[in-house]
2 protein chains.
Amino acid sequence: MPLSLAVLLSGRGSNFAAIHDAIERGVLDARITAVISNRPGAPGIERARQWGYPAHVVDHKQFADRAAHEVEVLRLLAAADPHVIALAGYMRLLSADFVARYPHRIVNIHPSLLPSFPGVDAQAQAVAYGVKVSGCTVHFVDEHLDAGPIIVQRALEVRDDDTGETLAARILVEEHIAYVDALVKLSRGRFRVDGRRVVFE
Amino acid sequence: MPLSLAVLLSGRGSNFAAIHDAIERGVLDARITAVISNRPGAPGIERARQWGYPAHVVDHKQFADRAAHEVEVLRLLAAADPHVIALAGYMRLLSADFVARYPHRIVNIHPSLLPSFPGVDAQAQAVAYGVKVSGCTVHFVDEHLDAGPIIVQRALEVRDDDTGETLAARILVEEHIAYVDALVKLSRGRFRVDGRRVVFE
């Protein structure tokens, strides 16, 4: 049975596009049952419509508070009934209550080798710190920022002349591979979370 | 002119052996002018003697305190006059005064991709955290633990069935490559430390 996926995004959704491509190419056995954006003008939601996916805008500015916005997102998710919720540049923090509804079923990607450089501007943080290797991390979302159990990481070399921007561009290429790889693993296999370790069986 | 090197160690000195091999093979243009151990029985100091290097034991237990021990080590180093001091499993913290004598000239290796997992048992820390990529870091020593500017890093995959021991064994192979690589870079090139970044020119 294909993995049923919901995608949450706020922007261009380049990781969403990579997931879409992988499904089209037959690399990833999945079905996207909902794409939800909190921003009405997000290019990613335009793409979702073009590609024929159920596309929903839940504009957070139209809601009184975070909780009210999440109620509506959760309602749409409940209707779509996904196995996995993939965050693809979703610029809203999820509440602990939201996360608790989908334990080990919400996936995010971060442009560093966590636990190094959590938070914003991870690529620029890496350049400023002077690491010679960085990468990206696909992980389950838990109640802490950029801290859930890790599914896939990919490393790449940081060059002496890298800026945050040039490094971000190369990491993005790895992100697309890593995100698809993580979803392929989740689509294929049983796993357990042993302490913090995600172990595929 | 060959890079003149002093090596400080406390144990088997497997990174010292890798450096020695690289010199013998002509990969690294360096000359070892002193090998110093704080432990009389360290296998590394036996090797140093076998290989004909000036070998010195400065047993820290024979000194009243850290400062007195360092005075003797510094005296030997001053006589050997190395360009670079390579720590190869040297299990003594260097004082800030010691480090200040050799700014950007003391090199150490750590079995993780710093800034992840500083301190002891880095490999077991990595396994417990559940990272999928780890590695090793060759860095300049500054007054903070495992925090100086990074010269070389090498990454490797962490396997689902890794223990701290199996991961440590694979990282050690990378350490030998990384340490030699870092010393080759230091022997060849000018570099500057720009903020925290080590940039080779």
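Each value, and the rule that gives it
Per-chain numbering applies: the sequence of each chain, read as written, is numbered from 1 onward. Numbering of ligands from 1 and lettering of chains from A proceed in the order in which they are written. Given that this is a predicted model, residues contribute local features only at a pLDDT of at least 70 and side-chain atom pairs are listed and counted only at 80 or more, while totals for whole chains, interfaces and linings are drawn from all residues. Side-chain descriptors were evaluated using all non-hydrogen atoms of the structure, hydrogens and water having been removed beforehand. Any two residues having at least one pair of non-hydrogen atoms within 4.5 Å are treated as being in contact. Accessible area that two parts lose when put together, evaluated with a 1.4 Å probe and summed over both, is termed the buried area. A pair is scored as a salt bridge if a Lys or Arg side-chain nitrogen falls within 4 Å of a carboxyl oxygen belonging to Asp or Glu. What qualifies as a polar contact is a pair of N or O atoms within 3.5 Å, subject to a donor-acceptor requirement within protein and to the restriction that residues adjacent in sequence count only when both atoms come from side chains. Helix numbers and strand numbers start at the N terminus; a helix is a DSSP run of H or I with at least 4 residues, a strand a run of E with at least 2. Three categories are distinguished: nonpolar for Ala, Val, Leu, Ile, Met, Phe, Trp, Tyr, Cys and Pro, charged for Asp, Glu, Lys and Arg, and polar for the others, with Gly belonging to the last. Any two rings among Phe, Tyr and Trp, with Trp reduced to its six-membered ring, count as a pair given centres within 6.5 Å; such a pair is stacked if its planes are under 30 degrees apart, edge-to-face if over 60, and tilted if neither. The rule is simple: take the accessible area with a 1.4 Å probe, protein chains only, and divide by the maximum for that residue type; under 20% is buried, over 50% is exposed, in between is partly exposed. The rule for a charge over a ring is simple: NZ of Lys or CZ of Arg within 6 Å of the ring centre, and within 35 degrees of the ring normal. Delimitation of the domains relies on an automatic or database domain assignment. Copies overlap after least-squares fitting; the atoms used are the C-alpha atoms of residues with pLDDT of at least 70 in both. An axis is simply a line fitted to the C-alpha atoms; with a helix, the fit covers only the stretch in contact. Between two such axes, the angle follows the N-to-C directions and lies from 0 to 180 degrees. Small angles under 35 degrees read as roughly parallel and large ones over 145 as roughly antiparallel, with 65 to 115 read as roughly perpendicular and the rest as oblique. We call a crossing left-handed when the near helix sits turned anticlockwise from the far one by less than a right angle, and right-handed when that turn is clockwise.

1. A word on the interface of chain A and chain B
- Contact with chain A, which involves 28 residues of that partner, is made by 28 residues of chain B.
- Between chain A and chain B the total buried area reaches about 2,300 Å² when both faces are included, carbon and sulfur atoms providing 51% of it.
- The interface formed by chain A and chain B includes 0 salt bridges.
- Counting across the chain A and chain B interface gives 19 residue pairs in polar contact (both at pLDDT 80 or more).
- Those elements that place two or more of their residues in the side of chain A that touches chain B are α5 (122-129), β7 (150-157) and β9 (197-200) of chain A.
- When grouped by side-chain class, the residues that make up the side of chain A that touches chain B number 17 nonpolar, 3 polar and 8 charged.

2. A look at the packing of aromatic side chains
- Enumeration over the complete set of coordinates arrives at 12 aromatic pairs over all chains.
- Ring geometry for A:Phe98 versus A:Tyr102: centroids 6.5 Å apart, planes at 45 degrees, classification tilted. Each member of the pair, A:Phe98 together with A:Tyr102, is buried.
- Here the aromatic cluster, defined as three or more aromatic residues joined through ring pairs, consists of A:Phe16, A:Trp51 and A:Tyr53.
- The side chain of A:Arg196 reaches across the aromatic face of B:Tyr129, ending 3.7 Å from its centre.

3. What about the domain arrangement of chain A?
Residues and elements named next belong to chain A.
- As far as domains go, chain A holds domain 1 (1-102) and domain 2 (108-201).
- Counting from both sides, the interface comprises 17 residues of domain 1 and, opposite them, 15 residues of domain 2.
- Taking both sides of the interface into account, the surface hidden between domain 1 and domain 2 amounts to around 1,300 Å²; carbon and sulfur atoms contribute 72%.
- There are 3 residue pairs in polar contact (both at pLDDT 80 or more) connecting domain 1 and domain 2.

4. Some thoughts on the environment of A:Gln125
All names here are of chain A.
- Mapped onto the elements, Gln-125 comes out in helix α5.
- According to the relative accessible area criterion, Gln-125 is partly exposed, its value standing at 28%.
- Spatially, the C-alpha atom of Gln-125 lies 7.7 Å from that of Gly-164, the residues being 39 residues apart in sequence.
- When near neighbours in sequence (up to four residues on either side) are disregarded, Gln-125 contacts Phe-117, Pro-118, Gly-119 and Val-120.
- Here the side chain of Gln-125 touches Val-120 through a polar contact of 2.8 Å, landing on its backbone oxygen.

5. Quick look at the relation of the copies chain A and chain B
- Of the transformation placing chain A onto chain B, the axial shift is 0.0 Å and the rotation is 180 degrees, giving an RMSD of 0.0 Å. Both copies are brought into coincidence by an operation consistent with a two-fold rotation axis. Considering only C-alpha atoms, the part of chain A nearest the rotation axis is A:Ser116, at 2.7 Å.
- When the interface residues of chain A are mapped onto chain B, 100% of them again lie at the interface, so the same face is used by both copies.

6. Topic: the packing of α5(A) against helix α6 (residues 164-188) of chain A
Residues and elements named next belong to chain A.
- Between α5 and α6, the least distance of the axes is 8 Å, while the angle of their chain directions is 120 degrees. Considering their axes alone, α5 and α6 lie oblique with respect to each other. Here the hand of the crossing between α5 and α6 comes out right-handed. Residues Gln-123, Ala-124, Ala-126 and Val-127 of α5 form the contact with α6, whose participating residues are Gly-164, Leu-167, Ala-168 and Ile-171.

7. Concerning helix α1 (residues 14-24) of chain A
Residues and elements named next belong to chain A.
- The element α1 is largely enclosed, with a buried count of 9 among its 11 residues.
- Among the residues making up α1, those that are buried are Ser-14, Asn-15, Phe-16, Ala-17, Ala-18, Ile-19, His-20, Ala-22 and Ile-23.
- For α1, the secondary structure elements touched by its buried residues are β1 (3-9), β2 (30-37), α2 (43-50), β4 (84-87), β5 (106-110) and α6.
- Two residues or fewer past α1, Gly-26 is found with a positive phi of approximately 80 degrees.

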